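Notes for the structure review
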Amino acid sequence: MTFIELKQAVYEATMALYHAGLIRMSAGNVSARDDDGHVAITPGGVLYDRMSVDDIVIVDLEGNVIEGQHRPSSETPMHTTLLKGLPGCGAVVHTHSIYAITFAVLGEALPPLCTEGLAARGTVPVARYAPPGTPQAGEVALEALQATPGLRAVLLRNHGLVVVAPDLETAWQTAYKVEIHAQITYQARQLGTPIPLSDEQIAELFRVYRSVREAR
Ligand SMILES: [Zn+2]
């Protein structure tokens, strides 16, 4: 994949998140890597409604800038830590989506309650607190994700949401579904006590989805 293709893919995923309302102003960031260890990442401090594909920055897995007219996102150390540390992780999405942050400030994990809740591939945990923009933010997110192999989402305490996935399309769609699921959980709690899905029901849902995919 060329740098242009990598930057274009990050740009399109960022715009999808922006139009879905999951990232606003310049909060939140998106990255993807290629097989050679090059990472395309959103720039720091650029308002997303004014961002163009040329504003995306290319860094290496240590965060050194290879190409770009802006500084990379302040959360670059978190992105590179996850892209390096998780096998099969090709893309990282970090959002400041409202309902996800609501649970992040409560320090409450999000167990799956409906089909949207399955996108994270497990209960979305809350990582230990770390200040935004520090290498520790990546370390606590990595620690929380490694605790459940295959897990795709973690809440950053008092901060936001991080999603990891093999590719950008899966990453941004998972971030969207986690936010919808957080909103449903919030609303259900306002009206009563949500009924949890059992482990058997969750396993059955995954079996149904797998067979539908294979039948296509
Ligand atoms: Zn943030």
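Conventions and cut-offs
Residues numbered from 1 in each chain as written. Predicted model: local features only at pLDDT ≥ 70, side-chain atom pairs only at ≥ 80, totals over all residues. Heavy atoms only, no water. Donors = N, O, S within 2.8 Å, 3.2 Å for Na, K, Ca; no water. Buried < 20%, exposed > 50% of the residue type's maximum accessible area, 1.4 Å probe, protein only. Patch = residues over 30% accessible without salt bridge, like charges linked within 9 Å, V, L, I, M, F, W, Y side chains within 5 Å. Areas by Shrake-Rupley, 256 points an atom, 1.4 Å probe, with all protein chains shown as cover. Salt bridge = Lys/Arg side-chain N within 4 Å of Asp/Glu carboxyl O. Helix = DSSP H or I, 4+ residues; strand = E, 2+ residues; numbered from the N terminus. Pairing = 2+ DSSP bridges. Contact = heavy atoms within 4.5 Å. Axes fitted to C-alpha atoms, helices over the stretch in contact; angles between N-to-C directions. Core = buried A, V, L, I, M, F, W, Y, C linked by side-chain atoms within 4.5 Å. Left-handed = near helix turned anticlockwise from the far one by under 90°. Nonpolar A, V, L, I, M, F, W, Y, C, P; charged D, E, K, R; others polar.

**Some remarks on the coordination of the zinc ion**
In the first shell of the zinc ion, the protein supplies His-94 (NE2), His-96 (NE2) and His-159 (NE2), at 2.0 to 2.1 Å from the metal. Accessibility expressed as a relative area gives 8% for His-159, which makes it buried.

**Things to note about a nonpolar patch on the surface**
Residues Val-208, Tyr-209 and Val-212 make up a contiguous nonpolar surface patch of about 230 Å² in total accessible area. On the secondary structure map, Val-212 appears in helix 6 (residues 199-215).

**Digging into the sheet that holds strand 3 (residues 57-60)**
Strand order across the open sheet formed by 8 strands is 4-3-2-1-5-8-7-6, with mixed pairing between neighbours. Each end of this open sheet is capped by a strand with a single partner; those strands are strand 4 (65-67) and strand 6 (126-127). Where helix 2 (residues 76-85) meets the sheet, it contacts strand 1 (29-33), strand 2 (38-41), strand 3, strand 5 (91-95), strand 7 (153-156) and strand 8 (160-165), and its direction lies at approximately 140 degrees from that of strand 5. Its contacts with the sheet place helix 3 (residues 98-106) against strand 6, strand 7 and strand 8, and it is angled at close to 65 degrees to strand 7.

**Let's talk about the nonpolar core**
With 33 residues, the main nonpolar core has Leu-155 and Leu-161 as its most contacted residues. For this core, the secondary-structure elements that each account for two or more residues are helix 1 (3-19), strand 1, strand 5, helix 3, strand 7, strand 8 and helix 5 (168-191). Discounting residues that sit within four places of it in the chain, Leu-155 has contacts with Ala-100, Phe-103, Ala-104, Glu-108, Leu-110, Val-124, Pro-125, Val-126, Ala-127, Gly-160 and Leu-161.

**Details of the pattern of salt bridges**
Under the defined criterion, the tally for this structure stands at 4 salt bridges. As a salt-bridge pair, Lys-84 and Glu-62 come within 3.4 Å of each other at their nearest N and O atoms. In this pair, Lys-84 sits in helix 2 while Glu-62 sits in the loop between strand 3 and strand 4, placing the two residues 22 residues apart along the sequence. Overall, Lys-84 belongs to the partly exposed group, its relative accessible area being 42%. Looking at Glu-62, the relative accessible area reads 58%, which means it is exposed.

**A look at the environment of His-19**
On the secondary structure map, His-19 appears in helix 1. Along the backbone, His-19 and Asp-49 are 30 residues apart, and their C-alpha atoms lie at a distance of 9.4 Å.

**Let's talk about the packing of helix 2 against helix 4 (residues 135-146)**
At a minimum axis distance of 7 Å, the contact between helix 2 and helix 4 shows a crossing angle of 35 degrees. Here the hand of the crossing between helix 2 and helix 4 comes out right-handed. For the pair helix 2 and helix 4, the contacting residues are Pro-77, Met-78, Thr-81, Leu-82 and Gly-85 in the first and Pro-135, Ala-137, Gly-138, Glu-139, Ala-141, Leu-142, Leu-145 and Gln-146 in the second. The residue makeup of the contact of helix 2 with helix 4, split by class, is 8 nonpolar, 4 polar and 1 charged.

**Observations regarding the pairing of strand 1**
Counting buried positions over the 5 residues of strand 1 gives 4, a clear majority of the element. Relative to strand 5, strand 1 is paired through 4 bridges, and the arrangement is antiparallel. Bridge assignment links Ser-31 to a residue of strand 5, and that residue is Val-92. The pairing of strand 1 with strand 2 spans 3 bridges and is classified as antiparallel. Within strand 2, the position partnered with Arg-33 by the bridge is Val-39.

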